Amino acid sequence: MGVSRLDVFYRRLLLTKLFIGGWGKPEDLKRIFEFRKIIGDREKCKSLVPQDYPVYINKTEELADCHVQEGFFISPLEHLVPGILPQEAVKARFQFIVPKRWQKNRPVCIHLAGTGDHFFWRRRTLMARPMIKEAGMASLLLENPYYGYRKPRDQLRSSLKNVSDLFVMGGALILESTVLLRWLEREGYWPLGMTGISMGGYMASLAVTNWPKPIPLIPCLSWSTASSVFTTGVLSKAVNWTQLEKQYAINSRYEEEIIKLLEYCGADSFKMGPKLVTNVDEHFHELSEDHKLSVSQCSRVDGGRDCGGATDGAEHLLSLGNSVGASFETLPTALGGYNAHGTDPAECCRPSLHKESISFMKAVMDECTHMANFSVPVDTSLIVVVQAKEDAYVPRTGVLSLQEIWPGCEVRYLRGGHISAYLFKQNIFRQAIYDAFDRFCVKYPNLH
């Protein structure tokens, strides 16, 4: 299946770069990875968020068909990993859209925001208000860290400054979703579920892995890991590889210390080598010519390697880079650009540097976003995944499928790509939500 031309064209319209600040501080990455070991295990997280964690409502508005409540609470991440969140993101804000008349029960679906979805208007208009009319279902819209009121002052629009920001966002949203689910339970709402589109789908999936009860999950236009999004998808063209390469070259701590902390060891891991990837070139022939990806056929790396052993970081990264044949043909790594910063030209322009940087990106992304690195949701039959067949933003080639990670989940495929599905298929996303909630009510009629 090819990729959507609309996805490729739309990406070309976006001129801002991602991760202009680089990878993030090595010490921050260390703290994040250590916390991932806790939050990736549901049993270890049972007492992280108190049952009566305080949530406040500070505004209520009445509309024709619903009440809109606005509330806030302090992100638990601020207590558990102090200082990792930017100050602007410490206060979590949400909108709660409640129907004036319930049709059946008091169902609530939590919606997490996709890329670029600042504040609440988009989710309220495209999803929450129609869901009240169609199903009498309430929606709770949580604002992501780094977005809207929670956006750092030095961040340009939706472009996260550091790679580590995405991991901080994920950790915060897992904990914040737990706060809201427990608050909704205390308030007597039932059944409860979670959804999100694109990045919101990833984040909702991560949150549900941490919830200790069966719960409907409807991730739309997301998949098993974010690593492919930033290494082989069209969004990889928006990554500031120049800065990432330079930082990786001049700071040996990424190669010598950070890699040793990575634990993800699935069949698509950078440690084990990816599964056989064939003919990926044809999926990306529409990518922009200035940073075209060239991904060739490759062989499976010997699976006998010990995932637990801390072998040399550069060896791991070069192994992965060579395995997938990932290289950008014309990435601007001009010698002059590095000399201006007083960097050793030999280090910054070594031939393997770009492959190592791509491999390092895959490794850290898989560590913090790969669903196989987190607990399996309690009941996978309550998961309805909605995917676009020609999605150029979320490649499914070369990574484990959600069906492999979550046996029993349902995957529904739409024709077209990421952008067209987002713009024109919201009704299909909503139907998947209703179906998952109905499935829950039939299977667990007394679980409240």
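Provided above is the structure to which this section pertains.
Quick look at the structure, then. Since this is a predicted model, take the numbers as computed values, not measurements. Every chain is numbered independently, its residues counted from 1 as its sequence is written. Only residues with pLDDT of at least 70 are given local features in this predicted model, and only at 80 or more are side-chain atom pairs given and counted; all residues enter the totals for whole chains, interfaces and linings. Each side-chain value is derived from all of the structure's non-hydrogen atoms; neither hydrogens nor water enter the calculation.

Quick word on the nonpolar core
Logical step 1: Here, nonpolar core means buried Ala, Val, Leu, Ile, Met, Phe, Trp, Tyr and Cys residues that are tied together by side-chain atoms lying within 4.5 Å of each other. Only protein chains enter the accessibility calculation, which uses a 1.4 Å probe; a residue is then buried when its area is under 20% of its type maximum, exposed when over 50%, and partly exposed in between. Counting 102 residues, the largest nonpolar core has Trp23, Phe33, Phe96, Phe167, Met194, Phe230 and Met361 as the members making the most contacts within it.
Logical step 2: Considering every element that reaches this core, the biggest residue donor is helix α5 (residues 163-186), with 14 residues.
Logical step 3: Should any heavy atoms of two residues lie within 4.5 Å, those residues are considered in contact. The residues contacting Met361, other than those within four sequence positions of it, are Phe19, Trp23, Val163, Phe230, Thr231, Val239, Trp241 and Leu244.
Logical step 4: Of all hydrophobic cores here, the second largest spans 19 residues; its members include Met131, Ile197, Ala436 and Phe437. A helix here means a DSSP run of H or I that spans at least four residues, while a strand means a run of E at least two residues long, and both kinds are numbered starting from the N terminus.

So, the packing of aromatic side chains
Logical step 1: In summary, the pairing rule links any two rings of Phe, Tyr or Trp, Trp by its six-membered ring, whose centres are within 6.5 Å, and it sorts them by plane angle into stacked for under 30 degrees, edge-to-face for over 60 and tilted for everything else. Summed over all chains, the structure comprises 15 aromatic pairs.
Logical step 2: Their ring planes at 85 degrees and their centres at 5.3 Å tell us that Phe96 and Tyr189 sit as a pair that is edge-to-face. With Phe96 in strand β3 (residues 91-99) and Tyr189 in the loop between α5 and β6 (192-197), this pair connects stretches of sequence that are 93 residues apart.
Logical step 3: Phe96 sits in the buried class, given a relative accessible area of 0%.
Logical step 4: By way of ring pairs, the aromatic residues Tyr53, Phe73, Phe94, Phe96, Trp102, Trp183 and Tyr189 are connected into one cluster.
Logical step 5: Criterion for a charge above a ring: Lys NZ or Arg CZ within 6 Å of the ring centre, and within 35 degrees of the ring normal. A cation sits over an aromatic face here: Arg36 above Phe374, 5.8 Å from the ring centre.
Logical step 6: For the cation-ring pair, Arg106 lies above Tyr189, with the distance from its terminal atom to the ring centre recorded as 4.1 Å.

Some remarks on the pattern of salt bridges
Logical step 1: By definition, a salt bridge exists where a carboxyl oxygen of Asp or Glu is found within 4 Å of a side-chain nitrogen of Lys or Arg. Applying the stated rule across the entire model yields 20 salt bridges.
Logical step 2: Among the ionic pairs, Glu367 bridges to Arg36, the shortest N-O distance being 3.3 Å. With Glu367 in helix α13 (residues 353-369) and Arg36 in helix α2 (residues 26-39), the pair connects residues that are 331 residues apart, well separated along the chain.
Logical step 3: Using a relative accessible area of 0% as the deciding quantity, one classes Glu367 as buried.
Logical step 4: Residue Lys213 pairs with Glu185 through a salt bridge whose shortest N-O separation is 2.8 Å. Residue Lys213 is located in the loop between α6 (199-209) and β7 (217-220), and its partner Glu185 is located in helix α5; the two are separated by 28 residues in the primary sequence.
Logical step 5: Owing to a relative accessible area of 32%, Glu185 belongs among the partly exposed residues under this scheme.
Logical step 6: Via salt bridges that share partners, Glu34, Arg36, Lys37, Glu263 and Glu367 belong to a single interconnected network.

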